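Here is what each chain is made of, one letter per residue.
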Amino acid sequence: KRAEEQAIHQAYHDALTDLPNRRMFQEHVQSVLYAPERTAARAAVILAGMDRFKVVVESLGHTTGDALLRAVGGRLSESLAAQREICPNCALYHFGGDLFCVLVPGFGLEQMPVLLAEQLIAALRKPFYVEGRELNVTASAGVSIFPLDGQDGATLLRNADVAMQRAKKRGGDRLQCYTADMNERAAEWLQLENELRHAEEFGEFRLYYHPQVEIVTGRVVGMEALVRWQHPRHGLLAPGEFLHLAEESGLIADIGDWILRTACAEVQGWRAQGLEDLLLAVNIAARQFAHDGLPQRVAGVLAETGLPARCLELEITETVAMQDVVRTTALLHELKEIGVRLSVDDFGTGFSSLNCLKRFPIDKL
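Everything in this summary refers to the structure shown in the same document. (Residues numbered from 1 in each chain as written. Predicted model: local features only at pLDDT ≥ 70, side-chain atom pairs only at ≥ 80, totals over all residues. Heavy atoms only, no water.)

Here's the deal with the sheet that holds strand β2 (residues 91-96)
In sheet architecture, strand pairing relies on hydrogen bonds along the backbone and comes in two forms, parallel and antiparallel. Stated formally: Between any two strands, at least two bridges found by DSSP are needed for them to pair. Comment: elements are numbered from the N terminus, with helices defined as DSSP H or I runs of at least four residues and strands as E runs of at least two. Every axis in this analysis is a line fitted to C-alpha atoms, fitted for helices over the stretch in contact. Angles between the N-to-C directions lie between 0 and 180 degrees. When checking whether two residues touch, look at their non-hydrogen atoms; a contact exists if any pair is within 4.5 Å.
Across the sheet, five strands lie side by side as β2-β3-β1-β6-β7; this open sheet has mixed pairing. At either margin of the open sheet sits one strand with a lone partner, and together these are β2 and β7 (175-177). Between one strand axis and the next, the sheet turns through 20 degrees on average, direction left out of account. Contacts from helix α6 (residues 153-169) reach β1 (43-51), β2, β3 (99-104), β6 (138-146) and β7, with the element oriented near 145 degrees to β6.

Structure (structure tokens):
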């Protein structure tokens, strides 16, 4: 009997946090929505995901990430317990990864799910102390309401997820209620991805150059290549409007290669016109950096365009550099042997240490 009870418990609970899992949620939401006495009652689904949790895992490892998830689960449970007077039957679930869900089976006050979600988000703003470290994390939450936003559990959960993703895109640490036009915007996003796949083929990418100025003399000593998309319907799009989509779809590596090749060719053309002292900085995306053939591709582009290696500076973000310190160190040394300059961008936004930086052959922060 004990073995049977343990097997049932494991089937319906998350092994990491011991909270009810997605399977338990699916059964509970069915019973809540289709119970005869609840046909006219309202219910709500709150889906919460941690912001930048991937940075914690990449910087500190999965063990620390797991410990943080357990702490988050405990904090959410405590916050929910404190709201029992207004939500006596609410239940918390862990769907795996950084996703937590709350099922609100019935409520009288129309704004109650929103108030509850705000309390949960606020609870996570306080620092966590995990394995001797102070970690500050935030969460984004999406709310969907039965029957307005869905007639079944799957639809409610999908729409709560759409709302949560919108909250993340707006900067995170916030709540977003589902609205019907979000699915329309999701369809537009999908169309934009399809158009992005053909943007290079149709010659729609443009390079702009951000000048780097020497403060003492006021002289332009270099520039950073930045891509824009001349969209046929939406006009000139800034990087923030499509690069995130390019990263999610895997197109960022091809776009990054196009930027590197085109920028090197253009700058070499300017050198031929007498602008010989300019330094070109090009951002290297995470997918580009993860490719083992990056040094060979950089060397090939330099040989193809004729740009001297000393005129090229490659920028990687701190998060990318810290994913695998051993591999990063070896790869940076390979790039350094080509003769290019190396810089680390966004330093201080992740969880790296000065000790790790001492191992990297970089020229600039």
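The structure having been displayed, the exposition proceeds.
Describing a nonpolar patch on the surface
Inclusion rule: Patch construction takes residues with relative accessible area above 30% that form no salt bridge. Like charges are linked within 9 Å, and nonpolar side chains (Val, Leu, Ile, Met, Phe, Trp, Tyr) are linked within 5 Å. Computed with a 1.4 Å probe, the accessible areas rest on the Shrake-Rupley method; for each residue, only the protein chains presented here act as cover. Every case where a carboxyl oxygen of Asp or Glu lies within 4 Å of a side-chain nitrogen of Lys or Arg is listed as a salt bridge.
A surface patch of nonpolar side chains, amounting to about 320 Å² of accessible area, comprises F347, L354 and L365. Looking at the secondary structure, you find L354 in helix α14 (residues 354-357).

Here's the deal with helix α13 (residues 325-338)
What counts is decided by this rule: Take the number of residues in a helix, subtract one, and multiply by 1.5 Å to get its expected span. When a residue's accessible area, from a 1.4 Å probe over protein chains only, is under 20% of the maximum for its type it is buried; when over 50% it is exposed; and in between it is partly exposed.
With 14 residues, α13 should cover 20 Å at 1.5 Å per step; its first-to-last C-alpha distance of 20 Å lies within 8% of that length. Restricting attention to buried positions, one finds in α13 the residues V325, T328, T329, L331, L332 and L335. For α13, the secondary structure elements touched by its buried residues are α10 (286-290), α11 (294-305), β12 (312-317), α12 (318-321), β13 (341-345) and α14. Phi for G339, located one or two positions after α13, is positive at around 110 degrees.

Some remarks on the packing of aromatic side chains
Definition in use: Any two of the Phe, Tyr and Trp rings considered here, Trp counted by its six-membered ring, make a pair once their centres fall within 6.5 Å; the pair's planes then place it as stacked at under 30 degrees, edge-to-face at over 60, or tilted in between. Throughout this description, the term charge over a ring refers to an Arg CZ or Lys NZ atom that lies within 6 Å of the ring centre and within 35 degrees of the ring normal.
Going through the model one piece at a time under the given rule, you end up with six aromatic pairs. Considering the side-chain rings of F25 and Y93, the 5.4 Å spacing of their centres and the 80 degrees angle between planes classify their relative orientation as edge-to-face. Placement of F25 in helix α2 (residues 22-34) and of Y93 in strand β2 is noted, with a sequence separation of 68 residues between them. Y93 carries the same exposure label as F25, and that label is buried. Relative to F242, the ring of W229 lies with its centre 5.6 Å away and its plane at 75 degrees, an arrangement referred to as edge-to-face. Here W229, found in strand β9 (residues 220-231), pairs with F242, found in the loop between β10 (235-237) and α8 (243-249); they are 13 residues apart in sequence, far enough to count as distant. An identical accessibility class is assigned to W229 and F242; each is buried. Aromatic rings pair up to connect F205, W229, F242 and W258 into one cluster. The aromatic ring of Y208 is capped on one face by R228, whose charged end is 5.3 Å from the ring centroid.

Digging into the layout of surface pockets
So the rule is basically this: Only protein atoms enter the 1 Å grid used here, on which a cavity is any set of points holding a 1.4 Å probe that cannot leave and a pocket is any open set flanked by protein within 12 Å on both sides along at least five of seven lines; residues with an atom within 4 Å of a point are listed as lining. Grid points are joined across faces, edges and corners, and a volume is the space filled by probe spheres set on the points. Residues are sorted three ways: Asp, Glu, Lys and Arg are charged, Ala, Val, Leu, Ile, Met, Phe, Trp, Tyr, Cys and Pro are nonpolar, and all the rest, Gly among them, are polar.
In this structure, the largest pocket spans a volume of roughly 1700 Å³. Along the walls of the largest pocket sit 43 residues, with K54, L243, H244, E247 and A286 positioned nearest its centre. If you list the elements that add at least two residues to the lining of the largest pocket, you get β1, α3 (53-60), α6, β9, α8, α9 (252-272), α10 and α12. Partitioning the lining of the largest pocket into residue classes produces 16 nonpolar, twelve polar and 15 charged.

Quick notes on the pairing of β3
Counting buried positions along β3 gives five out of six residues, so the element sits mostly inside the fold. In terms of strand pairing, β2 meets β3 through five bridges, oriented antiparallel. Bridging across to β3, H94 finds its partner in F100. Adjacent in sequence and paired antiparallel, β2 and β3 are bridged by two residues, among which G97 carries a positive phi angle near 60 degrees.

Section: the nonpolar core
Note the following rule: Here, the term nonpolar core denotes a set of buried Ala, Val, Leu, Ile, Met, Phe, Trp, Tyr and Cys residues that are joined through side-chain atoms within 4.5 Å.
Grouped together as the largest cluster of nonpolar side chains are 51 residues, with contacts concentrated most on L196, F205, L280, V298, L312, L314 and V340. Of all the elements, α9 adds the most residues to this core, at eight residues. Apart from the residues lying within four places of it in its own chain, the contact partners of V340 are V298, L302, A309, L312, L314, L335 and D363. By size, the runner-up hydrophobic cluster in this structure holds 38 residues, among which are V72, F107, A117 and F128.

Focus on the packing of α3 against helix α4 (residues 62-81)
Heads up, the condition is: In this scheme, roughly parallel covers angles under 35 degrees and roughly antiparallel covers those over 145, while 65 to 115 is roughly perpendicular and the rest are oblique.
Where α3 meets α4, the axes come as close as 7 Å, and the angle between the chain directions of the two elements is 140 degrees. Between α3 and α4, the interaxial angle falls into the category oblique. In this structure, α3 contributes F53, V56, V57 and L60 to the contact, and α4 contributes H62, T64, G65, L68 and L69. Across the contact of α3 with α4, the residue classes tally to six nonpolar, three polar and no charged.

The analysis is restricted to geometry; functional conclusions fall outside its scope.
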